[in-house]
Amino acid sequence: RAKQEGRNRYSFFSDDLEAALLQRHQQEKTLRAALKDNNILVYYQPKYDLVSERIVGAEALARLQGEDGEIISPAQFIPLAEESGLILELGEQVLYKACSEAKRLLYNGANIPISVNVAAAQFNSPELEQHVQKALSEYGLPSFMLELEITETALMIDPQLTKKKLDKLKSLGISISIDDFGTGYSSLSYLKTYNVDIMKIDMSFIKDMLSNKHDYEIVKTIISLGQSMGLHLVAEGVETRDQRRALIKLGCPTAQGYLYSPPVTAEQFLSLIKSEQ
Ligand code: C2E
Ligand code: MG
Ligand code: MG
Ligand code: MG
């Protein structure tokens, strides 16, 4: 009997695993096809000045369109892209598309920067500077219109290399932001030597900042750390007006989050911009 249960259990897990592997395989196929056809979708989430509630920037966020038209979330395909080495090509495609979109915004009278996420492997690749330079020149985009978001974790992998890399990127005139701040293990002594402009407070702290005293203190501490280092601060995942009020009080000037807008298509983003003009 035990043997039979064991066998049943085994086959239960096996079916599960098989389904997961199949889905993974399917998504990798979809990802490869999208990369080949220059078909990675890029959505834009506006960043707002908390006081004036006007759009001051946007983050480019990759999306994948599945076989049956559904939109696949980056939570699923970014890890896949990282494991399969496709992340470099994906990052490049998003960078070019975001620069092209930034150019269109400029053409429409909106000189607000677009930020692009850079994966650790991409950041450490020797070709990143070249790609950035090429993307800027291809679209004749002024460098103040481009910002790169690099996670705190990626910045801490190899501090010496990071420092050199950031100096090179900064010499191109673009801005650098530390993404998901507070979730990695930052060494403050490295941090102070890094040439960065913006700190993005991870949304895991914003989420419960008004019900959890510890989260509130963490947000408060990150803001004062950022301020004392002369960095611009952006709160991620702001969903309520109470959070907005608290962040203003703590001195955080900028936010993105569902309170204002989810990530939207380039067309929808342009309409948002136009409705403000
Ligand atoms: P991230 O860079 O920290 O981006 C912010 C994520 O928070 C986005 O998820 C956004 O939709 C979500 N978000 C924004 N406001 C709210 C809110 O008020 N509530 C909640 N619950 N969520 C909010 P998304 O688009 O699913 O992207 C997830 C992650 O995938 C990104 O986190 C980033 O790490 C990665 N990613 C997305 N696009 C790219 C890309 O082109 N390249 C790389 N390397 N990573 C990317
Ligand atoms: Mg980001
Ligand atoms: Mg983030
Ligand atoms: Mg994140």
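Residue numbers restart at each chain and count upward from 1, following the sequence in its written direction. Lettering of chains starts at A and numbering of ligands starts at 1, both following the order in which they are written. Reporting of local features is limited, given that this is a predicted model, to residues whose pLDDT is at least 70; pairs of side-chain atoms are given and counted only at 80 or more, and all residues count toward the totals for whole chains, interfaces and linings. Remark: hydrogens and water are excluded; side-chain values derive from all non-hydrogen atoms of the structure.

(A) Broad picture of the pairing of strand β1 (residues 41–49). The element β1 is largely enclosed, with a buried count of seven among its nine residues. Pairing geometry for β1 and strand β2 (residues 55–65), over eight bridges, is antiparallel. Bridge pairing in β2 links Leu41 to Arg63. Each pair of strands is called paired provided DSSP finds at least two bridges between the two strands. Runs of H or I in DSSP of at least four residues are treated as helices and runs of E of at least two as strands, each being numbered from the N terminus. As consecutive antiparallel partners, β1 and β2 are separated by five residues, and within that stretch Glu53 has a phi angle of approximately 55°, a positive value. When accessible area is computed with a 1.4 Å probe and restricted to protein chains, residues below 20% of their type maximum are described as buried, those above 50% as exposed, and intermediate ones as partly exposed.

(B) Structural view of the coordination of the magnesium ion (ligand 3). Protein ligation of the magnesium ion (ligand 3) involves Asp179 (OD), Asp180 (OD), Glu236 (OE) and Glu236 (OE), the donor distances falling in the range 2.1 to 2.4 Å. Each metal site is built from N, O and S donor atoms within 2.8 Å (3.2 Å for Na, K and Ca), and since water is not included, such sites may look incomplete. Between consecutive donors of the magnesium ion (ligand 3), the numbers of intervening residues give the motif D-D-x55-E.

(C) Structural view of the packing of helix α5 (residues 128–138) against helix α7 (residues 159–171). Under this scheme, a helix contributes an axis fitted over its contacting stretch, all axes are lines through C-alpha atoms, and angles between N-to-C directions fall in the 0 to 180 degree range. Where α5 contacts α7, the axes come no closer than 10 Å and their chain directions differ by 15°. Judged on the interaxial angle alone, α7 and α5 are roughly parallel. When you trace α5 past α7, the crossing you get is right-handed. Residues Leu128, Glu129 and Val132 of α5 pack against Lys165, Lys168 and Leu169 of α7. Class assignment for the residues of the contact of α5 with α7 results in three nonpolar, no polar and three charged. For this classification, under 35 degrees means roughly parallel, over 145 means roughly antiparallel, 65 to 115 means roughly perpendicular, and everything else is oblique. It is the rotation of the near helix from the far one that decides the hand of a crossing: anticlockwise by less than a right angle makes it left-handed, clockwise makes it right-handed. For this analysis, residues touch if any pair of their heavy atoms sits within 4.5 Å. Gly counts as polar in this scheme, as do all residues outside two lists: the nonpolar Ala, Val, Leu, Ile, Met, Phe, Trp, Tyr, Cys and Pro, and the charged Asp, Glu, Lys and Arg.

(D) How the structure looks around the nonpolar core. Here, the term nonpolar core denotes a set of buried Ala, Val, Leu, Ile, Met, Phe, Trp, Tyr and Cys residues that are joined through side-chain atoms within 4.5 Å. Formed by 78 residues in total, the largest nonpolar core has its most connected members in Leu148 and Leu247. Not counting the four nearest positions on each side in its chain, Leu247 is found in contact with Leu50, Ile206, Met209, Val219, Ile223, Ala235, Val238 and Cys252.

(E) The arrangement of the site of ligand 1 in detail. The environment of ligand 1 is made up of 20 residues, and the closest members are Arg63, Asn117, Asp179, Glu239 and Tyr258. Any pair of nitrogen or oxygen atoms within 3.5 Å is treated as a polar contact; in protein, a donor-acceptor pairing is required on top of that, and neighbouring residues in sequence qualify only through side-chain atoms on both sides. One of the side-chain N or O atoms of Asp179 is found 2.9 Å from an oxygen atom in ligand 1. A distance of 3.1 Å separates an oxygen atom of ligand 1 from a polar atom in the side chain of Asp180. Within the complex, the protein chains bury 82% of what would otherwise be the 800 Å² of accessible surface of ligand 1. A cavity, in this analysis, means grid points on a 1 Å lattice covering only the protein atoms where a 1.4 Å probe fits yet has no way out; a pocket is instead an open set bounded by protein on both sides within 12 Å along at least five of seven lines, and a residue lines either one if it has an atom within 4 Å of a point. Molecule-in-pocket calls rest on the fraction of atoms, with more than half required to lie within 2 Å of the cavity or pocket grid points. More than half of the atoms of ligand 1 fall within 2 Å of the grid points belonging to the largest pocket. For the shell around ligand 1, the secondary-structure elements that each account for two or more residues are β2, α2 (74–83) and β6 (175–181). Nearness is defined per residue: one heavy atom within 4 Å of the molecule or strand is enough. The accessible surface values rely on the Shrake-Rupley method and a 1.4 Å probe; as for residues, cover is taken only from the protein chains in view.

(F) Looking closely at α7. Helix span, expected: 1.5 Å multiplied by one less than the number of residues in the helix. With 13 residues, α7 should reach 18 Å at 1.5 Å per residue; the first-to-last C-alpha distance of 18 Å fits that figure. Taken together, the buried positions of α7 are Pro159, Thr162, Lys165, Leu166 and Leu169. When α7 is viewed along its axis, its buried side chains cluster within an angular range of 120° and face the same direction. Among the exposed residues of α7, those oriented more than 90 degrees off its buried face are Gln160, Lys164 and Ser171. Contacts from the buried residues of α7 go to α4 (120–123), α5, β5 (146–151), α6 (152–155), β6 and α8 (188–191). Comment: arc refers to directions from the helix axis out to C-beta atoms.

(G) Region of the structure containing the pattern of salt bridges. Salt-bridge detection follows one rule: a side-chain nitrogen of Lys or Arg within 4 Å of a carboxyl oxygen of Asp or Glu. Tallied over the entire structure, the rule returns 17 salt bridges. Its salt-bridge partner being Glu53, residue Arg241 comes within 3.0 Å of it at the nearest N-O pair. With Arg241 in helix α11 (residues 241–250) and Glu53 in the loop between β1 and β2, the pair connects residues that are 188 residues apart, well separated along the chain. The class of Arg241 is partly exposed, set by a relative accessible area of 40%. The class for Glu53 is partly exposed, based on a relative accessible area of 26%. In this structure, Glu149 and Lys200 form a salt bridge, with 2.7 Å as the shortest nitrogen-oxygen distance. Here the residue Glu149 occupies a position in strand β5, and Lys200 occupies one in strand β7 (residues 198–201), the gap between them amounting to 51 residues. On the basis of relative accessible area, Glu149 is assigned to the buried category, the value being 1%. Among the charged side chains, a salt-bridge network with shared partners connects Lys47, Glu59, Glu147, Glu149, Lys200 and Glu236.

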